[in-house]
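Coordinate analysis (summary)
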Amino acid sequence: MNIKLILFDVKESELVENLKNHVERVLGTEIMLSERRQLPACRRRGDQYLAEDFIFPVNKEAESGEDYKLGVVEVDLYSSGLNFVFGVASPFKKSAVVSLFRLKTHDKKLYFERAKKEATHEIGHLFGLEHCRDTRCVMHFSNSILDTDYKSPFPCVRCNKKLSYFLSSHR
Ligand SMILES: [Zn+2]
Ligand SMILES: [Zn+2]
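Rules used throughout
Residues numbered from 1 in each chain as written. Chains lettered and ligands numbered in written order. Predicted model: local features only at pLDDT ≥ 70, side-chain atom pairs only at ≥ 80, totals over all residues. Pairing = 2+ DSSP bridges. Helix = DSSP H or I, 4+ residues; strand = E, 2+ residues; numbered from the N terminus. Axes fitted to C-alpha atoms, helices over the stretch in contact; angles between N-to-C directions. Contact = placed C-beta atoms within 7 Å. Parallel < 35°, antiparallel > 145°, perpendicular 65-115°, else oblique. Left-handed = near helix turned anticlockwise from the far one by under 90°. Right-handed = clockwise from strand over helix to strand, strands pointing away.

Taken in spatial order, the four strands line up as β3-β4-β6-β7 in an open sheet, and their pairing is mixed. Every other strand in the sheet has two partners, leaving β3 (44-45) and β7 (82-85) as the edge strands with one partner each. Where β3 and strand β4 (residues 48-50) come together, two bridges link them in antiparallel fashion. For Arg-44, the partnering residue across the bridge sits in β4 and is Tyr-49.

Listed below in structure tokens is the structure:
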């Protein structure tokens, strides 16, 4: 099993390094970084990109059916029925995408924290975690950036147990 981060036209190398270290810490395993990819052709609504259209190009980055992949983009994402999404995950395809667009702020530390949380959240979905009612848990659904700022970058005890179980049974 490999876990890959795929950067789609993302120039934030310091942020990506931070995010990668954090996800490695949560999962207790190393993850790989793919070179920058161009944005794939997606359906669009003005400047926004349809989040689900990233699942196929992200999935194509797999070297085997056992690879888990998270795409990172700087463009704004939307999904059907939603004005915007921070990210979307397809556990069946072991592929997810997260957007940095709505996480941006002049406070660099806060920006990095937000990115860590939303990336961990999407990866959590790939490893079988669902939304959690604990508002401090990284798997809590963020309706707005306020929810993201309130939650921690780590799974709660229950979600962490599920995650450990999943990881130990898929090694
Ligand atoms: Zn979610
Ligand atoms: Zn939880």
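Right, let's talk about the sheet that holds strand β5 (residues 68-73) for a bit. By way of backbone hydrogen bonds, the strands of a sheet pair with one another, either parallel or antiparallel. Judged by pairing direction, the sheet is mixed, and its five strands sit side by side in the order β2-β1-β5-β9-β8 without closing on themselves. Here the strands that pair on one side only, and so sit at the sheet edges, are β2 (32-37) and β8 (87-90). If you compare each strand with its neighbour and ignore which way they point, the axes differ by 15° on average. Strand direction decides the pairing type here: β8 and strand β9 (residues 95-99), joined by four bridges, are antiparallel. From the neighbouring strand, Val-88 faces β9, where its bridge partner is Val-97. Across the sheet, helix α1 (residues 13-27) touches β1 (3-8), β2 and β5, and the angle it forms with β1 is around 160°. Against the sheet, helix α3 (residues 108-126) touches β5, β8 and β9, its axis set at about 165° to β9.

Now for the packing of α1 against α3. Each packed pair of helices is defined by two parameters, the angle between the axes and the distance between the axes. Here α1 crosses α3 at 45°, and the two axes come no closer than 9 Å. Taken together, the axis directions place α1 and α3 in an arrangement best described as oblique. You can see that α1 and α3 cross each other, and the crossing is right-handed. Contact with α1, carried on its side by Leu-15, Asn-18, Leu-19, His-22, Val-23 and Val-26, involves Phe-112, Ala-115, Lys-116, Ala-119, Thr-120 and Ile-123 of α3 and no other residues of that element.

Regular strands have side chains that alternate between both faces of the sheet. Here six bridges tie β1 to β5, and the two strands are oriented parallel to one another. Residue pairing for β5: Phe-8 is matched across the bridge by Val-73. Pairing of β1 with β2 involves four bridges; the strand directions are parallel. Directly across from Phe-8, in β2, lies its bridge partner Arg-37. Remark: the β1/α1/β2 crossover connection has right-handed handedness.

Coordinates in, geometry out; function isn't part of it.
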